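# Summary of the model geometry
The primary structure of each chain is shown beneath.
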Amino acid sequence: MRRADRLFQLVHTLRTRRFATGSELARALGVSKRTVYRDVSDLIGSGVPIRGEAGVGYRLDRGFE
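If you're wondering where the values come from, they're calculated on a predicted model, not measured in any experiment. (Residues numbered from 1 in each chain as written. Predicted model: local features only at pLDDT ≥ 70, side-chain atom pairs only at ≥ 80, totals over all residues. Heavy atoms only, no water.)

This paragraph deals with the overall build of the protein. Looking only at helices and strands, the protein has three helices and two strands in total. Reading the secondary structure of the protein in the N-to-C direction produces α-α-α-β-β. Against the globule reference of 11 Å for 65 residues, the protein gives a C-alpha radius of gyration of 11 Å, in line with a compact fold. Judged by the C-alpha coordinates and their principal axes, the protein covers about 25 × 25 × 20 Å. Residue pairs at least 24 apart in sequence account for 49% of intrachain contacts in the protein once pairs closer than 6 positions are excluded. Accessible area of the protein: about 4300 Å², with a carbon and sulfur share of 48%. For the protein, the distance from the average position of its 13 positive side-chain charges to the average position of its 7 negative side-chain charges is 3 Å. (Helix = DSSP H or I, 4+ residues; strand = E, 2+ residues; numbered from the N terminus. Rg over C-alpha atoms; globule rule 2.2 N^0.38 Å. Contact = heavy atoms within 4.5 Å. Areas by Shrake-Rupley, 256 points an atom, 1.4 Å probe, with all protein chains shown as cover. Lys, Arg positive; Asp, Glu negative; His and termini not counted. Charge placed at Lys NZ, Arg CZ, Asp CG, Glu CD.)

Quick look at the structure:
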């Protein structure tokens, strides 16, 4: 899967769930947890409103398109 497709899929997955852990996202995308952490960091740096809570997971702020 191309990186751009993976980032799109990551945002889409977060849009459909209340919370998703790094492990769940890694499994859904077929990548390592480290890749998920790196991708989430890059998305946040690009202005995507992703919030992370230790022990709970990641969530996407409501209303993000």
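All chains considered together, the criterion is met by seven salt bridges. Two residues, D39 and R6, come together in a salt bridge whose shortest N-O distance is 2.6 Å. Taken together, the residues D39 in helix α3 (residues 33–45) and R6 in helix α1 (residues 3–16) connect sequence positions 33 residues apart. By the burial criterion, D39 is buried, and R6 matches it. One salt bridge connects R59 with D61, and the closest N-O pair in it is separated by 3.2 Å. Looking at R59, the relative accessible area reads 29%, which means it is partly exposed. Taken together, the shared-partner salt bridges connect R3, R6, D39 and D42 into one network. (Salt bridge = Lys/Arg side-chain N within 4 Å of Asp/Glu carboxyl O. Buried < 20%, exposed > 50% of the residue type's maximum accessible area, 1.4 Å probe, protein only.)

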